[in-house]
Amino acid sequence: MFLMVVALAALTVAVFQVLRLNSALKSSTSDNDRDVGVLYGSLLLFSLLFYVYFAADGVLNENFIQVLAFMAFAALFTFYVVYQVVEESSAAAIVQLVVVAVADIVLAGLAYKLYLIFGWQVYKRIGSDRAIRSAYKTYQIALALLKIDFQFQIVLVALNLVLILDVDDPEFYVNVAAIPLIIAAVVVAVLGLRHENKPATLIFVVLAALEPSYIVFRVYRLLTRSKYSGLPRPQLVAMAVIAVLLRYVFLAVIAVAYSNFGSGLREQLSSFGMSAG
């Protein structure tokens, strides 16, 4: 039921966003404004699709931390929908707001039921050992943050490629090459966490800790070069700041998860065929 409500709300929002994209493509505004609008709309659709997967993955793997993170995203997205209604006041925007608001209320009730179900399942499989239960919770948080961090990195690369970098800029191709590297890093992190592989986890941590320096470099150039004056700088800087903060919170959680390696969690999960995500 939870995933059915998520799918219905997501479909409603997707239809509305596609209509907005179509309107932006046909608008008579400047090419730059139109491109920015289309890019933001496309990234919103990508984020929407990602969080539908995020919710489904959380439910299927009984990761309530992930379900909770999805609920936080749903609440933030509702505020965005309210902003759209204030900005446009169209019938379609109002319908979207009603569907999203009702879905939020229904999902809150269903999320509580999932909390009770998942809590009992974890107790049956993990047991009452506080150390292992704590290690399992940290493991779930790390996996959830890894997925959110991945989404932010892909969005940042897309913004770089479309809005900031020129095709004849060598940095453009560095960002293109970064996409498979980001995916590979996620795979290394997942394998490291699931199998308590210390070398793999350490490799990921070292690489992940270095990347924010490039984000800071890009923000510096964005703010100091006049050719970027026509871009929505506040929004781009805000996205970069959130991505950097998220990355270091994620690394802090991974450090705790790393310290739990060898606590018996892996053996406990393997005995029940669990992966949590």
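Each chain has its residues counted from 1, running along the sequence as written. Local features in this predicted model are restricted to residues of pLDDT 70 or higher, and side-chain atom pairs are both shown and tallied only at a pLDDT of 80 or more, whereas totals for entire chains, interfaces and linings draw on every residue. Based on all heavy atoms of the structure, the side-chain values leave hydrogens and waters out of the count.

Asker: Sorry if this is basic, but what is going on with the overall build of the protein chain here?
Answerer: When helices and strands are tallied, the protein chain shows nine helices and zero strands. When its helices and strands are written in sequence order, the protein chain yields α-α-α-α-α-α-α-α-α. For the protein chain, the C-alpha radius of gyration of 21 Å lies close to 19 Å, the compact-globule estimate for 277 residues. Seen through its C-alpha atoms, the protein chain measures out along the principal axes to roughly 65 × 45 × 25 Å. Residue exposure (1.4 Å probe, protein chains only): buried if accessible area is under 20% of the type maximum, exposed if over 50%, otherwise partly exposed. Here the protein chain holds 277 residues, and the buried ones make up 45% of them. Whether two residues are in contact is decided by their heavy atoms: any pair within 4.5 Å suffices. Sequence-distant contacts in the protein chain: of pairs separated by 6 or more residues, those separated by 24 or more amount to 78%. His is not counted, nor are the chain ends; Lys and Arg add positive charge and Asp and Glu add negative charge. For the purpose of locating charges, the reference atoms are NZ of Lys, CZ of Arg, CG of Asp and CD of Glu. Averaging the locations of the 19 positively and 17 negatively charged side chains of the protein chain gives two centres separated by 8 Å. Put simply, DSSP marks the helices as runs of H or I at least four residues long and the strands as runs of E at least two long, and each gets a number from the N terminus on. With C-alpha atoms as the basis for the radius of gyration, the globule rule is written as 2.2 Å multiplied by the number of residues raised to the power 0.38.

Asker: Explain the nonpolar core here, please?
Answerer: Among buried residues, the Ala, Val, Leu, Ile, Met, Phe, Trp, Tyr and Cys ones that are joined through side-chain atoms within 4.5 Å form a nonpolar core. Phe2, Val67, Phe70 and Leu265 are the most contacted members of the largest nonpolar core, which totals 61 residues. Examining the composition of this core, we find that twelve residues originate from one element, helix α5 (residues 130-164), more than from any other. Residues in contact with Val67, not counting those within four places in the same chain, are Phe2, Gly58, Val59, Ala111, Leu114 and Phe118. Judged by nonpolar contacts, the second largest core, of 16 residues, contains Ile154, Val157, Ile164 and Leu236.

Asker: Can you walk me through the packing of aromatic side chains in this structure?
Answerer: Aromatic ring pairs are defined here through the distance separating the ring centres and the angle between the ring planes. Each pair of aromatic rings taken from Phe, Tyr and Trp, with Trp reduced to its six-membered ring, is defined by centres within 6.5 Å and is described as stacked if the planes are under 30 degrees apart, edge-to-face if over 60, and tilted in the remaining cases. Scanning the entire structure with this criterion turns up 16 aromatic pairs. Both rings, one in Tyr51 and one in Phe73, keep their centres 3.8 Å apart while their planes meet at 10°; by these two values the pair is stacked. Of this pair, Tyr51 sits in helix α2 (residues 31-60) while Phe73 sits in helix α3 (residues 64-88); the two residues are 22 residues apart in sequence, bridging distant segments of the chain. A connected cluster of aromatic rings, assembled from ring pairs, spans Phe2, Phe50, Tyr51, Tyr53, Phe54, Phe70, Phe73, Phe77 and Tyr80.

Asker: Mind showing me how you'd approach empty space enclosed by the protein here?
Answerer: To find leftover empty space, a probe the size of one water molecule is rolled over the atoms. Only protein atoms enter the 1 Å grid used here. Points where a 1.4 Å probe fits but cannot escape make up a cavity, open sets with protein on both sides within 12 Å along at least five of seven lines make up a pocket, and a residue lines them when an atom lies within 4 Å of a point. Grid points are joined across faces, edges and corners, and a volume is the space filled by probe spheres set on the points. Inspection of every chain in the model, using the stated rule, returns one cavity of 30 Å³ or more. Volume-wise, the largest cavity comes out at about 170 Å³. Mapped onto the lining of the largest cavity, the elements with two or more residues apiece are α1 (2-26), α2, α3 and α4 (91-126). Here the residues of the lining of the largest cavity sort into 14 nonpolar, one polar and one charged. Three classes are used, and their members are as follows: Ala, Val, Leu, Ile, Met, Phe, Trp, Tyr, Cys and Pro are nonpolar, Asp, Glu, Lys and Arg are charged, and the others, Gly among them, are polar.

Asker: Please explain the environment of Gln268 as it appears in this structure.
Answerer: By the element assignment, Gln268 lies in helix α9 (residues 265-271). Between the C-alpha atom of Gln268 and that of Ile126, which follows or precedes it by 142 residues, the distance is 6.5 Å. Residues within four places of Gln268 in sequence aside, it is in contact with Arg125 and Ile126.

Asker: How should I be thinking about the pattern of salt bridges in this particular structure?
Answerer: For side chains bearing opposite charge, pairing can occur when the charged atoms are close. One side-chain nitrogen of Lys or Arg within 4 Å of one carboxyl oxygen of Asp or Glu is enough to make a salt bridge. For the coordinates displayed, the defined rule picks out seven salt bridges. Note that Arg247 and Asp149 form a salt bridge whose closest N and O atoms lie 2.8 Å from each other. Of this pair, Arg247 sits in helix α8 (residues 233-259) while Asp149 sits in helix α5, and the two are 98 residues apart along the sequence. Like Asp149, Arg247 is buried.

Asker: Any chance you could explain helix α6 (residues 170-194) here in plain terms?
Answerer: One full turn of an α-helix is made of 3.6 residues, so residues set three or four places apart face in the same direction. Helices are assigned an expected span. That span is 1.5 Å times one less than the residue count. Taking 1.5 Å as the rise per residue, α6 with 25 residues should run 36 Å; its terminal C-alpha atoms sit 37 Å apart, in good agreement. If you look at α6, its biggest bend is around 30°, right at Ile179, and the proline Pro180 turns up within four residues after that. Along α6, the positions that sit buried rather than exposed are Glu171, Phe172, Asn175, Ala178, Ile182, Val186, Ala189, Val190, Gly192 and Leu193. Looking at the buried positions of α6, the neighbouring elements they touch are α5, α7 (198-224) and α8. Polar contacts, as counted here, are pairs of nitrogen or oxygen atoms within 3.5 Å of one another; within protein the pair requires one atom able to donate a hydrogen and one able to accept it, and residues that are adjacent in sequence qualify only if both atoms are side-chain atoms. Structurally, the start of α6 carries an N-cap: the backbone nitrogen of Glu171 is 2.9 Å from a side-chain oxygen of Asp169. A positive phi of about 50° marks Glu196, the residue just after α6. Take the seven residues that end at a residue and the seven that start at it, fit an axis to each, and the angle between those axes is the bend at that residue.

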